[in-house]
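Summary of the model geometry
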Amino acid sequence: PETKISEIKAAGDSAFRCGKYEEAILHYSKAISLDSKSAVLYSNRSAAFLKNSQCQKALEDANICIGLGSMGAKGLSRRAAAFQSLKMYAQAATEWRQILESEPGHAAATKGLKDCDASLKRHLSYGDPFTK
């Protein structure tokens, strides 16, 4: 079964690299059905959901990935990116900061935090309820 899961994951990875996000989601979902304790599979499917503009599902998978506990900054970055895509900038900024505490040079977290801070400033000046 482990070999089969690896093959299915590899097919998902290949589809993702080719921009075939729905296909990647299907492969990762099939692999998850065979191994529901794999944080990597949830992380990868979260990324595919995000690229496919399914932000809420990306957030759900990021939460599962983090709950499984073995992904560290990668899991947090998936959740931060999902929060950011959902315009939940304050939550995203909190996640980016947490990553930067443990990995100060993390490029995605540095950019994500900068983008969130800019969005928060912009939305706060308009009284946007999504920033709370």
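Residues numbered from 1 in each chain as written. Predicted model: local features only at pLDDT ≥ 70, side-chain atom pairs only at ≥ 80, totals over all residues. Heavy atoms only, no water.

**Quick word on the overall build of the protein chain**
Helix and strand counts for the protein chain stand at 7 helices and 0 strands. Of the regular secondary structure in the protein chain, the N- to C-terminal order runs α-α-α-α-α-α-α. Its C-alpha atoms give the protein chain a radius of gyration of 16 Å, within 12% of the compact-globule value 14 Å for 132 residues. Taking the principal axes of its C-alpha atoms as reference, the protein chain extends roughly 55 × 30 × 25 Å. Relative to its full complement of 132 residues, the protein chain shows a buried share of 42%. The long-range fraction of contacts in the protein chain, counting pairs at least 24 apart against all pairs at least 6 apart in sequence, stands at 44%. Carbon and sulfur atoms make up 55% of the accessible area of the protein chain, which amounts to about 7400 Å² in all. Once the 19 positive and 14 negative side-chain charges of the protein chain are each reduced to a mean point, those two points are 4 Å apart. (Helix = DSSP H or I, 4+ residues; strand = E, 2+ residues; numbered from the N terminus. Rg over C-alpha atoms; globule rule 2.2 N^0.38 Å. Buried < 20%, exposed > 50% of the residue type's maximum accessible area, 1.4 Å probe, protein only. Contact = heavy atoms within 4.5 Å. Areas by Shrake-Rupley, 256 points an atom, 1.4 Å probe, with all protein chains shown as cover. Lys, Arg positive; Asp, Glu negative; His and termini not counted. Charge placed at Lys NZ, Arg CZ, Asp CG, Glu CD.)

**Things to note about the nonpolar core**
The biggest cluster of nonpolar side chains holds 32 residues, and the ones touching the most others in it are Leu41, Trp96, Ile99 and Cys116. Mapped onto this core, the elements with two or more residues apiece are α1 (2-17), α2 (21-34), α3 (39-51), α4 (55-68), α5 (73-85), α6 (89-102) and α7 (107-124). At 6 residues, α6 tops the list of elements feeding residues into this core. With residues near it in sequence (within four places) discarded, leucine 41 still touches Ile5, Lys9, Tyr28, Ala31, Ile32 and Asp35. (Core = buried A, V, L, I, M, F, W, Y, C linked by side-chain atoms within 4.5 Å.)

**Thoughts on unusual backbone geometry**
In this model, serine 53 sits at a positive phi of 60°, which is unusual for a non-glycine residue. Mapping serine 53 onto the fold places it in the loop between α3 and α4. Despite not being glycine, lysine 87 has its phi angle at roughly 65°, a positive value. With respect to the helices, strands and loops of the structure, lysine 87 is situated in the loop between α5 and α6. The exposure class of lysine 87 is partly exposed, given its relative accessible area of 42%.

**Digging into the pattern of salt bridges**
Counted according to the given criterion, the structure contains 5 salt bridges. A salt bridge links glutamate 95 to arginine 79; the shortest N-O distance between them is 3.3 Å. With glutamate 95 in helix α6 and arginine 79 in helix α5, this pair connects stretches of sequence that are 16 residues apart. There is no split in this pair, since glutamate 95 and arginine 79 are both buried. (Salt bridge = Lys/Arg side-chain N within 4 Å of Asp/Glu carboxyl O.)

**Some words on the packing of aromatic side chains**
Two aromatic rings, taken as a pair, are described by how far apart their centres are and by the angle between their planes. Scanning the entire structure with this criterion turns up 1 aromatic pair. With 5.2 Å between their ring centres and 65° between their planes, phenylalanine 16 and tyrosine 21 make a pair best called edge-to-face. (Phe/Tyr/Trp six-rings, centres within 6.5 Å; stacked < 30°, edge-to-face > 60°.)

**So, the layout of surface pockets**
Over the atoms, a rolled probe matching the size of one water molecule traces out where space is still vacant. Approximately 190 Å³ is the volume attributed to the largest pocket. Around the largest pocket, the lining residues are Phe16, Ala47, Leu50, Lys51, Ser77, Arg78, Ala81, Trp96 and Ala108. Here the residues of the lining of the largest pocket are counted per class, giving 6 nonpolar, 1 polar and 2 charged. (1 Å grid on protein atoms, 1.4 Å probe; cavity = no way out; pocket = protein on both sides within 12 Å on 5 of 7 lines; lining within 4 Å. Points joined across faces, edges and corners; volume = space filled by probe spheres on them. Nonpolar A, V, L, I, M, F, W, Y, C, P; charged D, E, K, R; others polar.)

**Quick notes on α3**
The terminal C-alpha atoms of α3, which comprises 13 residues, lie 18 Å apart, in line with the 18 Å expected from a rise of 1.5 Å per residue. Taken residue by residue, α3 has Ala39, Leu41, Tyr42, Ser43, Asn44, Arg45, Ser46, Ala47, Ala48 and Phe49 as its buried positions. Once α3 finishes, serine 53 follows within two positions and takes phi at roughly 60°, a positive value. (Expected span 1.5 Å × (residues − 1).)

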